[in-house]
Amino acid sequence: EQTLFNKEKEDDSDQILSVLPRERGWLSEHFHLYQGFWCPTIVLKGLLILQKHFRAQPSDILLATYPKSGTTWLKALLFTITNRTCISHPDQNPLLTANPHELVPTLELYAAANPVNPKPPNSLMHTHIPYNSLPESTKSPGCHIVYVYRDPKDVLVSWWHFVNKLKPEAEPRISLAEAFEKFSKGALPFGPYWNHVLGYWKASIEWPERVFFLRYEDLKKEPCFHTKRLAKFLGQPFTTDKEGESLVSKVVEFCSFKNLSNLDVNKTGSHSVVGFRVIENKTFFREGQVGDSQNYLEREMMDHLDQVTEESFKKFHLKA
Ligand code: A3P
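An unreviewed UniProt entry annotates the protein as Sulfotransferase of Coffea arabica. The UniProt entry for the protein carries the following text under Sequence similarities (unreviewed entry): "Belongs to the sulfotransferase 1 family."

Rendered as structure tokens:
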């Protein structure tokens, strides 16, 4: 029965894959243009399963991000907010022995690896899928969505470093000019970036009780303030007394770039990611700064990206 079930899904996705526009990817994969965004093959297989079979539970929390926008940070922060007792028992904190990506599964990759039962056991999950393509049940009352976005210049530079680190030694590096061109055209996984952000932004305006929208740069500037807002949104507010305030500071401090990137598990550990081989945990921690892109991008590249962002976001009253 299981074989038949898999076969039915395989046939489905292979047929859809065969008719979609495709581009060669950066590593060994292809990208497919599906529902208006570029989707790596493995992700598309997972997504098709999710769109048919995923049933969110009312207590589920879904973190959504465009890649390189702060996923690792928010995975850690949401995990700690929702398991805050681990802060009071520091030696038992699961984040001391596992990278945030191991504790908070990315839905589409989980589904690709578990087609028969694509719902992870965790109630805290993550996705890179654009809002309009999410499984319908994630949009039902009770299920909370948290979206974080980041300055696209920093996203591009972060992604460029990341993908070059993942490339096998023998393969040539991707130039920044090439990465810039692809990013500007939207032809990177889950791109165009601007559509991704706006999809979640519009949903957060329409359903503020269901979709929380956060800017990486704002979280960097006022981490305690936004951590409290996040906890409140999730229905798990911190108390407003001295004890509550101290707990917020400890959560923020624990999830800071400095602390997480210095943990042994993130300095020397690794984990396997569906569709890749094994990824070293340190690959997810580079600088963790705002505006690092100015150390890499030409002035014209920065101006171009700023202009596209300004034009795209302005009409929807979103801060660039
Ligand atoms: P940089 O490459 O600019 O340093 P993602 O987690 O979505 O893949 O994004 C990775 C980016 O987030 C990287 O940015 C990484 O350094 C940064 N990052 C990882 N952990 C962080 C943390 N705890 N606080 C702030 N930034 C973090």
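A tally of regular secondary structure across the protein gives 15 helices and 9 strands. The C-alpha atoms of the protein give a radius of gyration of 19 Å, which matches the 20 Å a tight globule of 320 residues would have. Overall, the C-alpha framework of the protein stretches about 60 × 55 × 45 Å when taken along its three principal axes. The buried share of the protein, taken over its 320 residues, is 54%. Residue pairs at least 24 apart in sequence account for 70% of intrachain contacts in the protein once pairs closer than 6 positions are excluded. Side-chain charges of the protein comprise 38 positive and 38 negative groups, with the mean position of each set lying 1 Å from the other.

Let's shift gears to empty space enclosed by the protein. Tallying each qualifying case throughout the model produces 1 cavity of 30 Å³ or more. Here the largest cavity is characterised by a volume of approximately 30 Å³. Together, Arg150, Asp154, Val157, Ser158, Arg286, Gln289, Asp292 and Ser293 line the largest cavity. In the lining of the largest cavity, the residues fall into 1 nonpolar, 3 polar and 4 charged.

About the criteria used
Residues numbered from 1 in each chain as written. Predicted model: local features only at pLDDT ≥ 70, side-chain atom pairs only at ≥ 80, totals over all residues. Heavy atoms only, no water. UniProt positions renumbered as here; feature names shortened; annotations may be inferred. Helix = DSSP H or I, 4+ residues; strand = E, 2+ residues; numbered from the N terminus. Rg over C-alpha atoms; globule rule 2.2 N^0.38 Å. Buried < 20%, exposed > 50% of the residue type's maximum accessible area, 1.4 Å probe, protein only. Contact = heavy atoms within 4.5 Å. Lys, Arg positive; Asp, Glu negative; His and termini not counted. Charge placed at Lys NZ, Arg CZ, Asp CG, Glu CD. 1 Å grid on protein atoms, 1.4 Å probe; cavity = no way out; pocket = protein on both sides within 12 Å on 5 of 7 lines; lining within 4 Å. Points joined across faces, edges and corners; volume = space filled by probe spheres on them. Nonpolar A, V, L, I, M, F, W, Y, C, P; charged D, E, K, R; others polar.

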